[in-house]
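Commentary on secondary and tertiary structure
Each chain, letter by letter, is given below.
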Amino acid sequence: MIDVVVQLNVWRILGISGKRAQDVANTVCPGLGYFLAFLVAIGGLVFNIGNVGGCAMGLNVMLGIPFVPGAIFSACVAIVLFLNKQMGNAMDMFTKALGMLMIAMVLFMVFKTQPPIAHAVKETFIPSKIDWMTILTLVGGTVGGYITFAGAHRIIDAGITGTENLKKISNGSVTGVAITGTMRYLLFLAILGVVATGAVLDPKNPPASAFLIGAGQIGYRVFGIILWCAAVTSVVGASYTSISFLKTLFKNVEEHSRYWIIGFICISTAIFSTMGNPVTLLIVAGSLNGLILPVSLACMLLAAYNKKIMPEGYKHPMALTIAGWLMVAFTAWMGFKSLTGIAKLFS
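Parameters and conventions
Residues numbered from 1 in each chain as written. Predicted model: local features only at pLDDT ≥ 70, side-chain atom pairs only at ≥ 80, totals over all residues. Heavy atoms only, no water. Helix = DSSP H or I, 4+ residues; strand = E, 2+ residues; numbered from the N terminus. Buried < 20%, exposed > 50% of the residue type's maximum accessible area, 1.4 Å probe, protein only. Contact = heavy atoms within 4.5 Å. Areas by Shrake-Rupley, 256 points an atom, 1.4 Å probe, with all protein chains shown as cover. Patch = residues over 30% accessible without salt bridge, like charges linked within 9 Å, V, L, I, M, F, W, Y side chains within 5 Å. Salt bridge = Lys/Arg side-chain N within 4 Å of Asp/Glu carboxyl O. Core = buried A, V, L, I, M, F, W, Y, C linked by side-chain atoms within 4.5 Å. pLDDT = per-residue confidence, 0-100. Expected span 1.5 Å × (residues − 1). Bend = angle between axes of the 7 residues up to and from the residue. Axes fitted to C-alpha atoms, helices over the stretch in contact; angles between N-to-C directions. Parallel < 35°, antiparallel > 145°, perpendicular 65-115°, else oblique. Left-handed = near helix turned anticlockwise from the far one by under 90°.

Some points on the overall build of the chain
Across its full length, the chain carries 14 helices and 0 strands. For the chain, the succession of helices and strands along the chain, N to C, is α-α-α-α-α-α-α-α-α-α-α-α-α-α. In the chain, which comprises 347 residues, the proportion classed as buried is 50%. Considering only contacts in the chain between residues 6 or more positions apart, those separated by 24 or more positions represent 81%. Counting every atom, the chain has about 16600 Å² of accessible surface; 70% of that belongs to carbon and sulfur.

Considerations on a nonpolar patch on the surface
Residues Ile 117, Val 121, Phe 125, Ile 126, Tyr 185 and Phe 188 make up a contiguous nonpolar surface patch of roughly 600 Å² in combined accessible area. For the nonpolar patch, the secondary-structure elements that each account for two or more residues are α6 (117-125) and α9 (166-195). Counting residues per element, the nonpolar patch draws most heavily on α6, at 3 residues. Note on placement: Tyr 185 falls in helix α9.

Structural notes on the nonpolar core
Core analysis: the biggest nonpolar cluster contains 93 residues, and Val 10, Leu 14, Trp 228 and Met 300 have the highest contact counts within it. Top element by residues in this core is helix α10 (residues 206-247). It accounts for 17 residues. Contact partners of Met 300, with chain neighbours within four places excluded, come to Val 10, Ile 13, Leu 14, Ala 21, Val 24, Leu 36 and Phe 149.

Quick look at the confidence of the model for the chain
In the predicted model, the chain carries a mean pLDDT of 83, and 90% of its residues have values of at least 70. The least confident element of the chain is helix α5 (residues 85-113), whose mean pLDDT is 74; the most confident is helix α1 (residues 2-17), at 91.

What to know about the side chain of Ser 268
If you trace the backbone, Ser 268 turns up in helix α12 (residues 257-275). Aside from chain neighbours lying at most four places away, what touches Ser 268 is Leu 45, Asn 48, Ile 49 and Val 52.

Some points on α10
In this model, α10 (42 residues) spans only 38 Å end to end at C-alpha, well below the 62 Å of a helix rising 1.5 Å per residue. Approximately 140° is the largest bend angle found in α10, and it occurs at Ala 215.

Some remarks on the pattern of salt bridges
A pair can form between side chains of opposite charge whenever their charged atoms are brought close. Under the criterion given, the structure shown has 1 salt bridge. The shortest N-O distance in the salt bridge between Glu 123 and Lys 122 comes to 3.0 Å. A relative accessible area of 37% places Lys 122 in the partly exposed class.

As for the packing of α1 against helix α7 (residues 132-143)
It is at 10 Å that the axes of α1 and α7 come closest, and there the two elements cross at 30°. Taken together, the axis directions place α1 and α7 in an arrangement best described as roughly parallel. In the crossing of α1 with α7, the sense of the turn from one axis to the other is right-handed. Taken together, the residues of α7 that come into contact with α1 (itself represented by Ile 2, Asp 3, Val 6 and Gln 7) are Val 139, Thr 142 and Val 143.

Right under this line is the structure:
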């Protein structure tokens, strides 16, 4: 519900205005765009460290390569993918095919492990315990920080803007989070089926160990391939989008954006290589992106009623506005609640 409300609001406001988030923010309040760009760039850096960690985990599963060498190799591949657009497109197609394979594998694991579905459904709607950091991590990994803006900026680049494309923009925003949500729930059921048998997951790489237990060595290796491909393309995407927030604000970044993106990848890899623990980094990345969410969403909601930004005749639905402000308050509260959880991870 949070994902849908956030995505619908952000995509509609940016898509119909045809303006990028940082430029919209500066129009709402001079200087706010710089603040938002700073938050997104920092959040994107933390998330990209998590992406590098995902690469390292994937190579470790596939070939047994230690995390740090795997991260450095993956960063080099990400830079090559960024510099070579044709190779990047081929990698995207490969990743999509592997994504379909992963969905098939997860469905296979759900049927094979036979999770306690009735109990899972009960806990979904009437949970006996609520972990706010977990919720914020999931929200942050879907629509937090740079992520929801990445999609919105892509549709602007593609020219899908204005009220005439309202239906396309709205449908696209909901479809993405719906597929993600469905996949997450299936993955949850698959892993629940594994741990319900009493199996203990490896804390260094929990999802991979679940696939090893549930699908054997073949499933384990395939999961490693999928994880690495998804992560290495995410490294490129996170770096590109984070720097895109700075391009229209700083002339030097716009003139040398390629070098800034390569530098962003190198810094992410260097921090990961010295900090380690990819699982913790992935959790922290999602949480920090979730903390950025209330600020960025509030900025977009203010823009929805600004005549300098939105085209004449467009009226943002009141239901979306009310739901949006509720999510601003809710995610801000969740963010403060999760800060103690983040502190515990490093204590």
